[in-house]
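So you can see what is in the structure, the chains are spelled out below.
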Amino acid sequence: MSRIGNNPVKLPPKVEVTLAAGEIKVKGPLGELSRSFGEKVSIEKDGESLVFKAADDESRALQGTLRALVANMVKGVTEGYSKKLNLVGVGYRAQAAGDKINLSLGFSHPIVHSMPKGVKVETPQQTEIVVKGIDKQAVGQVAAEIRAYRPPEPYKGKGVRYADERVVIKETKKK
């Protein structure tokens, strides 16, 4: 059984935490995030750290989950999150324009993907996309949506892939 929920979350000096009835707000130099939680887990501020306590043994999984989510919120408002995507293929290009990204992925039409609130996109090169934000879940979701337009195919490896993703290339059919 994991005991991650018993570890306190340390708060950096520039982070402010507000605890209300069933809601936690974390404010830092990059922005503010909030999350609601149930009554089965309680959060207590103990100096410069947050302590999570489960109401009973059945809610220990919720304790660990909430602790991980709050730790991600604290890291998000201090450092932020980013995902890097690469475009592999002839003529595959991306261009960031404000809160939208224009993708040319070999279809007969360009794809325009709009970013949700709190997520920014950059294109340092035409074949590179960097998705940034303070919410880990939103950054990962946007990166997954962009990748879903043209996932890497197994024969030539063409498509949109994460920067650290390895695509296993299959051998073609022999006569």
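The text that follows walks through the structure, step by step, so that each part is easy to find. Everything numeric in this text was worked out from a predicted model, so none of it was measured.

### Considerations on the pairing of strand 6 (residues 49-54)
Part 1 of the argument: Two elements, strand 1 (residues 9-10) and strand 6, share two bridges in a ladder whose sense is antiparallel. Residue pairing in the sheet places Lys-10 in a bridge with Ser-49 of strand 6.
Part 2 of the argument: Of the pairings in the sheet, the one linking strand 5 (residues 41-46) to strand 6 comprises six bridges and is antiparallel in character. Residue pairing for strand 6: Glu-44 is matched across the bridge by Val-51.
Part 3 of the argument: Adjacent in sequence and paired antiparallel, strand 5 and strand 6 are bridged by two residues, among which Gly-47 carries a positive phi angle near 70 degrees.

### As for the packing of aromatic side chains
Geometry of an aromatic ring pair is reported as the spacing of the ring centres plus the angle between the planes.
Part 1 of the argument: For the structure on display, the rule yields zero aromatic pairs.
Part 2 of the argument: The side chain of Lys-83 reaches across the aromatic face of Tyr-162, ending 5.3 Å from its centre.
Part 3 of the argument: The lysine or arginine in question, Arg-150, covers the ring of Phe-107, its NZ or CZ lying 4.2 Å from the ring centre.

### Some details on the side chain of Glu-128
Part 1 of the argument: Among the structural elements, Glu-128 can be located in strand 12 (residues 128-133).
Part 2 of the argument: Classification of Glu-128 as buried rests on a relative accessible area of 16%.
Part 3 of the argument: The contacts of Glu-128, once residues within four sequence positions are left out, are Lys-84, Leu-85, Asn-86, Glu-122 and Thr-123.

Cut-offs used in this document
Residues numbered from 1 in each chain as written. Predicted model: local features only at pLDDT ≥ 70, side-chain atom pairs only at ≥ 80, totals over all residues. Heavy atoms only, no water. Pairing = 2+ DSSP bridges. Helix = DSSP H or I, 4+ residues; strand = E, 2+ residues; numbered from the N terminus. Phe/Tyr/Trp six-rings, centres within 6.5 Å; stacked < 30°, edge-to-face > 60°. Lys NZ or Arg CZ within 6 Å of the ring centre and 35° of its normal. Buried < 20%, exposed > 50% of the residue type's maximum accessible area, 1.4 Å probe, protein only. Contact = heavy atoms within 4.5 Å.

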